[in-house]
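Coordinate inspection notes
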Amino acid sequence: MAFAALISLKYTIKKFVQSDFERAYEEGLMSILEQLNTARQIYSSYYDSKRLKDVGGKMREVICRLEDLFEESVIFLEDKEEKEEINFYARNLKEMKEELSTHSFCTQQLQHPPIAQTIVKPRQLHSQDVFFSNPSCLLNMMLPLSVRPIPLKEENGHIPHNLKRSKENGVPTPSHFFSNFFLLFPPEIIRLAYKEVESLHQLFSLEDGNNIRVTAALEREIREAAWRLEDVLESLQVSNQHFLPQSQHLHGAEMSCLEEEINLFTQRGRKIEEQLNNASARPEEDENAAVSSGIVQFCEEKTKMVGLDDELRNVKKAIIHHKGSSEDSKRKVVSIVGMAGIGKTALARKVYDDIFISTAFDFKYWLTVGPEFSTKEITRGVLNAMGLMFDKIRTGGDKELAKFAYTSLERKRYLIVLDDIWNTQVWDELGMFFPNNSNGSSVLMTTRLHEVATYASSDAIIEKCFLTEEESWLLLRRKVFSEEHLCPRQLEDAGKKIAKKCEGLPLAINALGKHLSKAERKPEYWDRVAEKESSVIIGADEEATKALYLSYKYLPHHLKACFLYMGVFPLDFEIHTSKVINLWCAEGFLERNSHKSLENIARECLRSLVFKSVVLLREPSSNGTIKTCKVHSVFWHLCNREAGKDEFFHIMNSNANQSIESQRRLCIHNNTLFGIKDVRSSMESVSNARSLLCTGLHHEYPVPKCMDFSLLRVLDALTVRFYEFPIEVVKLIKLRYLAFTYNGKLPASISNLRHLQYLIVQQYLHILSSEARRSYLPMEIWDMKELRHLQVMGSDLPDPTSDAFLLNLSTLLGVSAHSCTYKVFERIPNLNKLGVQMELALDVDEPLCCFKHLSSLHKLESLKWSVANPNLQLVVPAASVPIFPPGLKKLTLSGLGFPWEYTSTIAELENLEVLKLQCYAFQGQVWDTEWFIFPKLRFLLIEDTDLEDWYVKSLWRFPSLERLIFRHCYKLKEISNKIGDIECLKMIELDDCNPSLVASTKRWADKVPRRRKLQVCVKSSEDDRKSKS
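Throughout what follows, the structure given in this document is the object of discussion. Just so you know, these numbers come straight off a predicted model, no measurement behind them.

Rules used throughout
- Residues numbered from 1 in each chain as written.
- Predicted model: local features only at pLDDT ≥ 70, side-chain atom pairs only at ≥ 80, totals over all residues.
- Heavy atoms only, no water.
- Helix = DSSP H or I, 4+ residues; strand = E, 2+ residues; numbered from the N terminus.
- Buried < 20%, exposed > 50% of the residue type's maximum accessible area, 1.4 Å probe, protein only.
- Contact = heavy atoms within 4.5 Å.
- Pairing = 2+ DSSP bridges.
- Axes fitted to C-alpha atoms, helices over the stretch in contact; angles between N-to-C directions.
- Lys, Arg positive; Asp, Glu negative; His and termini not counted.
- Salt bridge = Lys/Arg side-chain N within 4 Å of Asp/Glu carboxyl O.
- Polar contact = N/O pair within 3.5 Å; in protein donor to acceptor, adjacent residues only side chain to side chain.
- Core = buried A, V, L, I, M, F, W, Y, C linked by side-chain atoms within 4.5 Å.
- Patch = residues over 30% accessible without salt bridge, like charges linked within 9 Å, V, L, I, M, F, W, Y side chains within 5 Å.
- Areas by Shrake-Rupley, 256 points an atom, 1.4 Å probe, with all protein chains shown as cover.
- Charge placed at Lys NZ, Arg CZ, Asp CG, Glu CD.
- Phe/Tyr/Trp six-rings, centres within 6.5 Å; stacked < 30°, edge-to-face > 60°.
- Lys NZ or Arg CZ within 6 Å of the ring centre and 35° of its normal.
- Parallel < 35°, antiparallel > 145°, perpendicular 65-115°, else oblique.
- Left-handed = near helix turned anticlockwise from the far one by under 90°.
- Nonpolar A, V, L, I, M, F, W, Y, C, P; charged D, E, K, R; others polar.

Summing up its helical and strand segments, the protein chain has 35 helices and 30 strands in all. Counting only residues that meet the buried cut, the protein chain has 54% of its 1029 residues in that class. Counted over contacts in the protein chain with a minimum sequence separation of 6, partners at least 24 positions apart contribute 65%.

Here it is in structure tokens:
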């Protein structure tokens, strides 16, 4: 976890410097405005050239100090947009200084002030006469949009009193700017630490490139050093910033402590770098490492496997082809891919040993490659197997060996098995040995990594499946009782539970089977294994542990924290992608990229974990990404074991005697633990905890609060019901993520959480009507400039003040039509995702009039609009038809009751990929799409409708459609067979639909060419009930 610790420390330092810079810049600009206001008073009352000259001098001095601040802060700015914004303000300051250097204040210039032109021109928001008539507007134009100060109330054009904060409160007024203009953390000290973090970070990048190896001991040392410095920095900030300004002096003791910690960190960092640079490139001996790579001979004992027949048939079909000059005779590359222990090698071995395969090829050879491999040794192994390893070749170099291997194989029909490939470099180096000789030769690979399979296999990729429950029980029975013996009846129930707990993974089944074959065969013991001990037994199996650990060990550093984090959720928990992505972003261990949003970086990390077969895809989303995922139980236990060793997180239990003071995150899977005093005391000992995650079942009864964590970043208490607002929360000023269940109103003090990025408040049991429940968020919500995700059920955004913006807000969910005003939308211009819940009769006077403001959201890509009480008798005028933002990619509508012809407005959305029409979103017997084209639509859901006829006369109306779902469409009897002509259509789902629709669809779908692989999936709620019972 050293890499994650360095990333977190790096951006903690950047954030502090940025925050200091913004506050100092703001105070500098307020000082300039005060001087301008003084000049205005001089001009309007009496003219004094000497005083005007003094004003200009002071302004120049402030500008010079601000320019120095730019130079000191630029080292911390890596993001391209950050640098552009800094350069923008630097240019403004330079132009202001030039104007002051070449002009003195005079009557003419005050009436047409050139300084105002240089400030206002880049923004192009106001005319220059605002320069003196409205100083607060000028301040907002000069400040970065993301850090505008508190709303300014103008008083006759003068600097407002709320800018002149009293010295008694510890906040300097602009007139005291010169004596208080410095950073909380001196840049020269911070710069030293930042450079060392960058240097250590670079070492891990080298390790991912296999140029260096960081030992576990050194990694632990780096992690502890980074965490220690981060704790000191954040503790100092909290102690100096609890509602105090950023620009307060550090006390002498605090400054000494900071300098001491930074010096200690840099010394340790340099020592570690020296150790690594002096170390050999030889990889460390790891107690968890698997057998060494190379050519592995198989033992005589045949592995007991089941459930391979269909997969064996598919692999054989893929690798056997005919000799000749046709395209089919060229060398084929086939990959078997799947997670550790799923049976890839067993399947490949079964293919390799098949009699038909043996007679089909002139030469076959098996190579076990592994994560560490030697090209030279592998080449020698191939030549030796061909009987060609004589002295001349034995002493040859790599190129000579490769050339000789290629020439020797060129005239043969060969089958080479490359087992356990870990990176694309293997194929780059070994693939050239195997000639594409039009002899019907094949290369069969096994790998855990989808990217390797995709990179090398242009012919076929076969995903190895998990065993079914029946196959799992059969394999366990064979492993314990062998082929000849049947399982005693009294052990069957427990045995089936044990097999089910393995979740279809042969590695786990074999580990348990090996143990049970030697253990006592009593029902009591087997019951105990089924309930509690199965994971312990698998973890104790050396072979299983090594195989699983390799998947974690060889993850790139930037993915290791993401993988371990999956363990904070309960065992067998289905994880929603949106939630884990938001948590990762808030935690601070993701490496930023100036070309991508943090959320997109998180999505790529999750996708990589799935492609590396350590996270399982449970349900795909409508747009083809991941909706839900989970980790296999064997990996869940690995996550917990490794996270505990690295102090990454700890799952609380009733044993309060554990030493957990150094843990970074606390997880609660059972909220009743809050009621145990010893457990609360144990939690409170973790003073530097960054996350408190309550991810178990919902708990509706009140529990004692445990929130005394001043450095907390993430508080996920969505499964805990709060009867009163937890006022302790507003003291946690470092919070970035806050989620809890609460039915009341949020207080104005919520705005104290100025670093908060994710605010999620759900309601418990909607007993009242939505109108009675609904309230407005406090006006201070507009001061929370860092907010990225806002989801407060039953609450709406109030109309903002004239200078309020939430520029970082990209997701707004759970609001009603009251929030859908032009005033609100124009102040959240970067909104990407919007979810609206409304009631027709209560929310608005004119039904659906709020739709007209949607077009102002130019960056909106996902919209969900639901009507809780559809009024299907309501006649919707054409004027109420929504004008959607043109950039929409996903649209979900429910309960609107529009006539089908109004879908013409949706057809105009050229970028739309996903369309869900639910609960009479549109009504009427006929939907004629003859005149509509949905060019990019890939997913279409129609649910709960009175539709009887859907006319599709041309496949070009839906040229990109991949998935079509009809749900609860009882009146629809058939759909046009023209749908079947859509080349990219892969799936038609019919859930609880008219039997005539099912029959007619199956009838024409059977005539679709097999190469298209069109599936018709029929579901019924009655079948689901029977299967569950």
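Now that the structure is up, let's keep going.
Right, let's get into the sheet that holds strand 2 (residues 363-368). Paired through backbone hydrogen bonds, the strands of a sheet run either parallel or antiparallel to each other. Reading across from one edge, 2-3-4-1-5 is the order of the five strands in this open sheet, with parallel pairing throughout. Edge strands, defined here as strands with exactly one partner in the open sheet, are strand 2 and strand 5 (460-463). Pairs of neighbouring strands in the sheet enclose a mean axial angle of 15 degrees, with direction left out of account. One ladder, built from five bridges, connects strand 3 (residues 414-421) with strand 4 (residues 442-447); its direction is parallel. Residue Leu-418 lies in a different strand from strand 4, and its bridge partner there is Met-445.

Further remarks concern the side chain of Asp-419. Among the secondary structure elements, Asp-419 is positioned in strand 3. Summary of buried charges: Asp-419 has no salt-bridge partner, and the nearest side chain of opposite charge, Lys-344, is 7.2 Å away. Separated by 2.4 Å, the side chains of Asp-419 and Thr-446 make a polar contact. Apart from the residues within four sequence positions on either side, Asp-419 is in contact with Thr-345, Trp-366, Leu-367, Thr-368, Val-369, Gly-370 and Thr-446.

Another point: the pairing of strand 28 (residues 963-967). Put simply, side chains in a regular strand alternate between the two faces of the sheet. Pairing of strand 26 (residues 939-943) with strand 28, which is carried by five bridges, proceeds in the parallel orientation. Each bridged residue has a counterpart across the sheet, and for Ile-942 the counterpart in strand 28 is Phe-966. Across five bridges, strand 28 lies against strand 29 (residues 987-991) in parallel orientation. Bridging from a neighbouring strand, Phe-966 pairs with Leu-990 of strand 29.

Moving on: the environment of Val-679. Within the secondary structure, Val-679 is located in helix 29 (residues 677-684). Relative accessible area serves as the criterion here: at 0%, Val-679 is assigned to the buried category. Separated by 21 residues in sequence, Val-679 and Gln-658 have C-alpha atoms that sit 9.8 Å apart.

If you trace the three strands from one edge of the open sheet to the other, you get 6-8-7, paired in antiparallel fashion. Edge positions in the sheet fall to strand 6 (575-576) and strand 7 (616-620), since each has one partner strand and no second.

Further remarks concern the nonpolar core. Counting residues in each nonpolar core, the largest one holds 111 residues, and the members touching the most others are Leu-834, Trp-865 and Trp-950. Residues in contact with Leu-834, not counting those within four places in the same chain, are Leu-812, Leu-813, Val-815, Phe-825, Leu-854, Leu-857, Leu-860, Ser-862, Leu-863 and Lys-864. Residues Ala-530, Ile-538, Phe-569 and Leu-583 belong to the second largest nonpolar core, which totals 86 residues.

This part takes up the pattern of salt bridges. Under the definition given, this model contains 36 salt bridges. Asp-310 is the salt-bridge partner of Arg-313, the closest N and O atoms lying 2.9 Å from each other. Here Arg-313 pairs with Asp-310, and both are found in helix 12 (residues 309-319), just three residues apart, close to one helical turn. A salt bridge links Lys-579 to Asp-716; the nearest nitrogen and oxygen atoms lie 2.8 Å apart. Taken together, the residues span a long stretch of sequence, with Lys-579 in helix 26 (residues 577-587) and Asp-716 in strand 12 (residues 714-722) at a distance of 137 residues.

This brings us to unusual backbone geometry. At Asp-572, a position not held by glycine, the phi torsion is positive, near 65 degrees. Mapped onto the elements, Asp-572 comes out in the loop between helix 25 (557-565) and strand 6. A relative accessible area of 52% places Asp-572 in the exposed class. One non-glycine residue with positive phi stands out, namely Ser-613, at about 65 degrees.

Here we take up a positive patch on the surface. There is a patch of like positive charges on the surface, built from Arg-603, Arg-607, Lys-833 and Lys-864. Checked against the element boundaries, Arg-607 lands in helix 27 (residues 598-611).

Summed over the entire model, instances satisfying the criterion amount to 29 aromatic pairs. Members of the aromatic cluster, each reached through a chain of ring pairs, are Phe-898, Trp-900, Tyr-902, Phe-922, Trp-927, Phe-934, Trp-950, Phe-958 and Phe-966. In this structure, Arg-349 packs its charged tip against the face of Trp-366, placed 5.6 Å from the ring centre. For the cation-ring pair, Arg-413 lies above Phe-361, with the distance from its terminal atom to the ring centre recorded as 5.4 Å.

Remark: helix 22 (residues 506-518) packs on helix 23 (residues 523-540), axes separated minimally by 11 Å, with the N-to-C direction vectors making an angle of 125 degrees. The pairing of helix 22 with helix 23 is recorded here as oblique in orientation. Two packed elements cross with a definite hand, and for helix 22 against helix 23 that hand is right-handed. Each of Ala-508, Ala-511, Leu-512, His-515 and Leu-516 in helix 22 lies in contact with helix 23, whose residues at this interface are Tyr-525, Trp-526, Val-529, Ser-534, Ile-537 and Ile-538. Per-class residue counts for the contact of helix 22 with helix 23 are nine nonpolar, two polar and no charged.

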